Amino acid sequence: MVVPVVTGYYRYTDIWFEWHKQCGEDGEVLKAILAHDALVSPQHPLHVDGVEGVQLYIGTLKSGETRLMFSSKQVEYVRYWLHAVGLTKEPIGLPYSDCLLRLQDLRGVSPQAFKTGGELKNSVKKIEKNNKNIKKSNDPPLTFRRSSFETVRKLWQNKIGIWCSIDFESWERDHTVMTEFGWSRIHWEDNEEIREEGHIIVNEHQMYTNGTYVAENRKNYKWGQSEVVSRKEFKSRIQNMLSDLRRNDHTFLVFHDAKEDIDYMKSAMIEADLTGLSYTLPDGPSPKSGVFLVDTADLFGGLQGEGTRNRGLEQVCNQLQIKTEFLHNAGNDAHYTLEACKEMACGDSLDLQREKRWPSKTTPGTITVNIDALEKEEDASDEEGVFMSALS
């Protein structure tokens, strides 16, 4: 049998309609092999070892709309398989060329597994509904965030590169006085996740304490032993870490609301070399090497459907069901930032993930979850629970 390669992607619904139009007496065979419940069967020819159900693809168009897709390799394989096992007289013809979406037609592509036929069927409907709402929104910043979300999913799930989250803390009365630095990084060896993290405190700045506007949690690092270092060593440790990270083919620096931390890195106290830091994530089957910025505020904004507003780390973690302690410790914040990134990147495609996390909470006619209203509901529910506990 011919071993096909991926040359592009076909929209799921195009395969249904176009193949059915041209198949004649083979129509019943196609109907059976493309049925939702058949596609998720372990006996289906498109079954992938280690994947429960069927693995299809979510493609993001340049407009921000999404498409549920088969890869060209899957389509080629099915048509030849049906002929090889004698279910069709000849290999079924390919859909017409305009149905093929090439990589240059897409902002990004990421795999998506569907465990049941019902889940696949519902997802087709939800994607069509979301695309109508995206057309209405005409929101370029949101389009960027949604595209970044899917690219991060694909890179993370393919275990590409090193992902290092970074956070600084400073004195609340003068932000040029940095007091702490924290990092948390993940990479993979032999398909196993390896995590390293740490927290350093500037010795000369220990007298500059917070507590009026920002919590003082310098001594409450949860993920190891804090180190107290001189200003000089503080600077050299950070510079050396960034230099080491640059030696990798793909390094992803992860921040939550990156601007302030980038300013710290550029300051005289750090003077980090940020030459070549890219705000555009790599994509395609062989992503280019480099150092790339990932912002979990952008990822969460894309997930909840907000184009410009940034939510705080605590609020993001609460909504992602990540339990936090002693925030505003640089090491802890770095840890929770990477946890938030991992939680979103390991999940389903954006629109499916949003519906699972906040079922029926998307504002009608939009792709936006009203987080403020949702949290008010949760607070009211918590208060009612406290009241009922007091009565019992």
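Since this is a predicted model, take the numbers as computed values, not measurements.

Caption draft 1: Spotlight on the sheet that holds strand β6 (residues 162-171). If you trace the six strands from one edge of the open sheet to the other, you get β9-β8-β7-β6-β10-β11, paired in mixed fashion. Because the sheet does not close on itself, it has two edges, and the strands there are β9 (227-229) and β11 (290-295). Taken over all neighbouring pairs, the strand axes of this sheet differ in orientation by 30 degrees on average, direction set aside. Here β6 pairs with strand β7 (residues 174-189) via nine bridges, running antiparallel. Opposite Trp163, over in β7, you have Ile186 as the bridge partner. Sitting on the sheet, helix α7 (residues 231-246) is in contact with β6, β7, β8 (192-202), β9, β10 (250-255) and β11, with an inclination near 35 degrees to β7. Across the face of the sheet, helix α11 (residues 330-345) comes into contact with β6, β7, β8, β10 and β11 while running at roughly 145 degrees to β6.

Caption draft 2: Molecular detail of empty space enclosed by the protein. Per the stated rule, a full pass over the model turns up three cavities of 30 Å³ or more. Forming the walls of the largest cavity are Ile58, Thr60, Gly64, Thr66, Ile127, Arg146, Ser147, Glu150, Ser349, Leu350, Asp351 and Leu352. Classifying every residue of the lining of the largest cavity by side-chain character gives four nonpolar, five polar and three charged. What the second largest cavity holds in volume is close to 70 Å³. Contributing to the lining of the second largest cavity are Leu242, Leu245, Arg246, Thr251, Leu253, Asp273, Leu274, Leu277 and Val291. Those elements giving two or more residues to the lining of the second largest cavity turn out to be α7 and β10. Tallying contributions element by element places α7 first for the lining of the second largest cavity, with three residues. Taken together, the residues of the lining of the second largest cavity sort by class into six nonpolar, one polar and two charged.

Caption draft 3: Seen up close, the packing of aromatic side chains. Within the structure shown, the criterion is met by 13 aromatic pairs. Between the aromatic rings of Tyr12 and Phe70, the centroid separation amounts to 5.5 Å while the plane-to-plane angle is 20 degrees, which identifies the pairing as stacked. Taken together, the residues span a long stretch of sequence, with Tyr12 in helix α1 (residues 12-23) and Phe70 in strand β3 (residues 66-71) at a distance of 58 residues. A relative accessible area of 3% places Phe70 in the buried class. Grouping aromatic residues by their ring pairs yields a cluster made of Trp156, Trp163, Trp188, Phe252 and Phe292. The ring of Tyr80 has Arg79 sitting right over it, with the charged end atom 5.1 Å from the ring centre. If you follow Lys222 out to its NZ or CZ, it ends over the ring of Trp223, 5.2 Å from the centre.

Here is what the cut-offs are and how they apply
- Sequence order sets the numbering: in each chain, residues are counted from 1 along the sequence as written.
- Restriction of local features to residues with pLDDT of at least 70 applies here, the model being predicted, together with a cutoff of 80 or more for giving and counting side-chain atom pairs; totals for whole chains, interfaces and linings are based on all residues.
- Think of the side-chain values as coming from all heavy atoms in the structure, minus any hydrogens and water.
- Two strands are counted as paired when DSSP detects at least two bridges linking them.
- The secondary structure listing takes helices from DSSP runs of H or I that are at least 4 residues long and strands from runs of E that are at least 2 residues long, numbered from the N terminus.
- Comment: axis = line fitted to C-alpha atoms, over the contacting stretch for helices; angle = value between 0 and 180 degrees taken between N-to-C directions.
- We call two residues in contact when some of their heavy atoms are within 4.5 Å.
- Cavity means a closed set of points on a 1 Å grid over the protein atoms alone, one where a 1.4 Å probe fits but cannot get out, pocket means an open set with protein on both sides within 12 Å along at least 5 of 7 lines, and lining means a residue has an atom within 4 Å of a point.
- Grid points are joined across faces, edges and corners, and a volume is the space filled by probe spheres set on the points.
- Three classes are used, and their members are as follows: Ala, Val, Leu, Ile, Met, Phe, Trp, Tyr, Cys and Pro are nonpolar, Asp, Glu, Lys and Arg are charged, and the others, Gly among them, are polar.
- What counts as a ring pair is set by centres within 6.5 Å for rings of Phe, Tyr and Trp (its six-membered ring), and what kind of pair is set by the plane angle: stacked under 30 degrees, edge-to-face over 60, tilted for all other angles.
- The buried label applies to any residue whose accessible area, calculated with a 1.4 Å probe on protein chains only, is under 20% of its type's maximum; exposed applies above 50%, and partly exposed to all values in between.
- Definition used: whenever NZ (Lys) or CZ (Arg) falls within 6 Å of the ring centre and also within 35 degrees of the ring normal, the charge is taken to sit over that ring.

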